[in-house]
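Architecture and fold: a report
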Amino acid sequence: MVQDIDALVRKRDEGTSVWWSRGSIVTVWVSEAETDGAFAIAEQFCPPGYETPLHVHNEHDEALFAPDGDFDVYYDDERVQVGRGELAYFPKGVPHGFRNTEDRMARIRIAFEPGLERGFLQAGVPVETPTGGLPNPPSEIADAEKLIDVDEVYDTEIVGPLPDS
């Protein structure tokens, strides 16, 4: 079967970027529409100490890859450090989350089944894709746990905060 989609190359400063919670920026590098529903990939620029809540995707698998930072990754009752060049995979239904343990901005790439990227794009606030460090977010974004409640729509259940490190 031949798919009716085009090949795609994205450069570092391309993609669609939005402010996300607590001053992070999420850049969607490739969406479900661009892969004919096969997968999606995003990259999150995380300020020092940034963390997600412990959460579950009931219908989507997710993989995290750390290209240039160290993250504490939590799943079930485990905590493991995922460092430069390392990957963590969470099948649907597994509670998970991560924390940037660097004292600087760090990036984490997120590959997931298609659809979750829509939550980032619809809930985030558009921003220019960063090519160096993070710009300073507006205070309402820097302090926000999440920008709007998209959990039920995008198959994410918040379990609670990450454990203390």
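The structure under discussion appears in the preceding block.
Notes on the structure in this doc start here. Residue numbers run consecutively from 1 along every chain, following the written order of its sequence. At least 70 in pLDDT is required for a residue's local features to be given in this predicted model, at least 80 for side-chain atom pairs to be given and counted, and no such filter applies to totals for whole chains, interfaces and linings, which use all residues. Excluding hydrogens and water, the side-chain values take into account all heavy atoms of the structure.

**A word on the side chain of His55**
Quick note on the threshold: The numbering of helices and of strands both runs from the N terminus, where a helix is a DSSP run of H or I of at least 4 residues and a strand a run of E of at least 2. Any N or O atom pair separated by 3.5 Å or less is treated as a polar contact, with the protein-specific requirement of one donor-capable and one acceptor-capable atom, and with residues adjacent in sequence counted only for side-chain atom pairs. In what follows, a contact means two residues having at least one pair of non-hydrogen atoms within 4.5 Å.
With respect to the helices and strands, the residue His55 is situated in strand β4 (residues 54-57). A distance of 3.4 Å separates the side chain of His55 from the side chain of His57, its partner in a polar contact. The residues touching His55, leaving out its near neighbours within four places in the chain, are Glu62, Val94, Pro95, His96, Gly97, Thr156, Glu157, Ile158 and Val159.

**Some details on the side chain of Thr156**
Turning to its location among the elements, Thr156 is positioned in strand β12 (residues 156-160). Of the polar contacts made by the side chain of Thr156, one reaches the side chain of His57; its length is 3.1 Å.

**Quick word on the sheet that holds strand β10 (residues 106-112)**
Our working rule: We call two strands paired when DSSP finds no fewer than two bridges between them.
Spatially, β8-β5-β10-β3-β2-β1-β11 is the arrangement adopted by the seven strands of the open sheet, whose pairing is antiparallel. Where the open sheet ends on each side, the last strands, each with one partner, are β8 (86-90) and β11 (125-126).

**Side note on helix α1 (residues 116-123)**
Because an α-helix packs 3.6 residues into every turn, residues spaced three or four apart end up facing the same way. What counts here: Exposure categories follow from relative accessible area, calculated using a 1.4 Å probe and restricted to protein chains: below 20% of the type maximum is buried, above 50% is exposed, and the middle band is partly exposed. Taken from the helix axis, the directions to the C-beta atoms give the arc we talk about.
Where α1 is concerned, the buried positions are Leu116, Glu117, Gly119, Phe120 and Ala123. Considered in projection along α1, the buried side chains sweep an arc of 155° and stay on one side of the axis.

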